[in-house]
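Structural features, examined
Here is what each chain is made of, one letter per residue.
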Amino acid sequence: MAKQVKTIGVLTSGGDAPGMNAAIRAVVRKSLANGLKVKGIKKGYMGLLNEEIIDMDRRSVSDIIQKGGTILGTARCMEFTTAEGQAKGAEICRKHGIDGMVVIGGDGSYRGAQKLSAQGINTVGIPGTIDLDIACTDYTIGFDTSINTAMEAIDKIRDTSSSHERVSIVEVMGRHAGYIALWCAIANGADDILLPEKYDYNEQRIIDNIIDNRKKGKTHHIIVNAEGIGHSTSMARRIEAATGLETRASILGYMQRGGSPTCKDRVYASMMGCYAADILAAGKTNRVVSYRNGQFVDYDIDEALAMKKNINEYMYEIARIL
Ligand code: ADP
Ligand code: F6P
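Structural notes, computed from the coordinates. Keep in mind that what you see is a predicted model, and the values were worked out from it rather than measured.

**Some words on the state of the cysteines**
A complete count under the given rule lists zero disulfides for this structure. The thiol of C263 is unpaired, and the distance to the nearest cysteine sulfur, on C274, comes to 15 Å. Residue C263 is classed as exposed on the basis of its relative accessible area of 62%.

Below you can see the structure in the form of C-alpha cells.
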C-alpha cells in the first residue's frame, strides 16, 4: 500500500560516477517542488550509520551539475550488509524523520535499499556506475562520460603507438563487465578486444593477428583489454617476446571515474533524479529507476536484481569486424 512520505534522504554509494551530482541536484530540487523536506546523507551507508546527515535546500545543490564525483561523498560499508547494521540504519532514519530514501549507486547499493525498504523506509534506487553493469537498465549514470574519457585517452595512445610502431594494450575499467571496453573498441578502432564475458585465453590468436597486421603494413596495434581480464603488463611482456615488437601496457584507471559529466550524463541523471523524487512522492517503495527502450521506467528492486544482462552480440561482432 502506498505510504505518503514527508522527508526524504539522498545518498550516493559504491564507486562514484560523473553525473551523480546532477542526480542529487534533481532529487533535491524536485522533492522540494513536490513539497517534501530533503536531507543529504554523507558517505553512503557508512555516513548513515555514523549519522552524517545534513539538511538540504535549493542552494545546497547550486553550482554542482557540471562537477564530477559526488558532493555527498561515497563509501563502501560492510556493517550495512548485516541485519544489525540495516536495523540501525532504519532506526537512524526514523530518528531524523526520514521516511523515504533515494540511493544512487550500483547493484550492491540496491541491495542495501531493498533492506531499508523491508525495514519500513520507502526506497528508490538510481543507477549510478561507470560500468553499465546493471541488468534492468540500458543506461547508467557516468558510463557516457567514462567512455568519452577513455576514448580520448586511447586516441592519444594510438598517436604515440603509431610513431614508434608499437603494440599497445590499453586496460579500461568495468569491474567484471566489458561494456566500457566494447564501446571503446568500436570508438577507437581497436585491432583486438578482450572482454571478460568472451575471453578464451587464446593469446596465440592475438599474436597471430599482430604479425598478420604488421605484414600488411599496419604501424600500430591497439588491444583494448577489460579490467575483468587484467594482467595487461604481463600480457605485454609475453606478446613482445612472441612477436619481437615493442609492446606497452597502459592502465587507464581512475581517470575514467572523474571529470565533468557529458551532456548526456547531466540530462539523463537529471531525468532519473526527478523520476525518483516523483515515485517516492507518490508513495512507492522498493523501486529502481531505469532507462529501457528509450523510456524512463521503474522496476521492483527484487525483480531488477534477478534480471540478467549480456554483451550485445551484434556490437561484439562489429567491434571485431571493423
Ligand atoms: P555498487 O553499489 O557500485 O554495486 P558495492 O557492491 O560496493 O557497489 O555496494 C555498495 C554498498 O552497498 C556496500 O558497501 C554496502 O554498504 C551496500 N551493500 C552491498 N551489498 C549489500 C547487501 N547484500 N545488503 C545490504 N547492503 C549491501
Ligand atoms: O564500479 C566502478 C569501478 O570503478 C569499477 O570499474 C572498478 O572495478 C571499481 O569501481 C574500483 O573500485 P575501488 O574504487 O574500490 O578501487
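**Regarding the site of ligand 2**
Around ligand 2 lies a shell formed by R76, T129, I130, D131, M173, G174, R175, E227, Y254 and R257. A distance of 2.6 Å is found between an oxygen atom of ligand 2 and a side-chain nitrogen or oxygen belonging to R76. Contacts to ligand 2 include R175, whose side-chain N or O atom sits 3.3 Å from an oxygen atom. Compared with its free state, where it exposes 400 Å², ligand 2 has 78% of that area covered by protein. Its residues placed into classes, the shell around ligand 2 shows three nonpolar, two polar and five charged. For the shell around ligand 2, the domains that each give at least three residues are domain 1 (7-142 + 261-307) and domain 2 (144-258).

**What about the site of ligand 1?**
As a structural note, the neighbourhood of ligand 1 is formed by 15 residues, with R76, C77, G106, G108 and S109 the closest of them. D107 has a polar backbone atom sitting 3.4 Å from an oxygen atom of ligand 1. Within the backbone of G108, one N or O atom sits 3.0 Å away from an oxygen atom of ligand 1. In isolation ligand 1 has 560 Å² of accessible area, and contact with the protein removes 82% of it. A total of six residues in the shell around ligand 1 trace back to one element, the largest contributor, which is helix α4 (residues 107-118).

**Quick word on the sheet that holds strand β6 (residues 167-172)**
Taking strand neighbours across the sheet as the criterion, the four strands line up as β7-β8-β6-β9 in an open arrangement whose pairing is parallel. Each edge of the open sheet is held by one strand with a lone partner, namely β7 (192-194) and β9 (247-251). Here the strands of the sheet are splayed against their neighbours by 15 degrees on average, with no regard to which way each runs. As paired strands, β6 and strand β8 (residues 221-226) are joined by six bridges and run parallel to one another. Along β8, the bridge assignment pairs V170 with V224. Lying over the sheet, helix α5 (residues 143-163) contacts β6, β8 and β9, oriented at roughly 165 degrees with respect to β6.

**Considerations on the nonpolar core**
Ranked by internal contacts, the top residues of the largest apolar core, which has 59 residues, are V10, V102 and I126. The dominant element in this core, judged by the number of residues it contributes, is helix α9 (residues 263-281), at seven residues. Excluding residues within four positions of it along the chain, V10 makes contact with V27, V28, V38, K39, G40, I41, M56, L72, M101, V102 and I104.

What counts and how
Residues numbered from 1 in each chain as written. Chains lettered and ligands numbered in written order. Predicted model: local features only at pLDDT ≥ 70, side-chain atom pairs only at ≥ 80, totals over all residues. Heavy atoms only, no water. Disulfide = S-S within 2.5 Å. Buried < 20%, exposed > 50% of the residue type's maximum accessible area, 1.4 Å probe, protein only. Near = heavy atom within 4 Å. Polar contact = N/O pair within 3.5 Å; in protein donor to acceptor, adjacent residues only side chain to side chain. Areas by Shrake-Rupley, 256 points an atom, 1.4 Å probe, with all protein chains shown as cover. Nonpolar A, V, L, I, M, F, W, Y, C, P; charged D, E, K, R; others polar. Domains from an automatic or database assignment. Helix = DSSP H or I, 4+ residues; strand = E, 2+ residues; numbered from the N terminus. Pairing = 2+ DSSP bridges. Axes fitted to C-alpha atoms, helices over the stretch in contact; angles between N-to-C directions. Contact = heavy atoms within 4.5 Å. Core = buried A, V, L, I, M, F, W, Y, C linked by side-chain atoms within 4.5 Å.

Keep in mind these numbers describe shape, not what the thing actually does.
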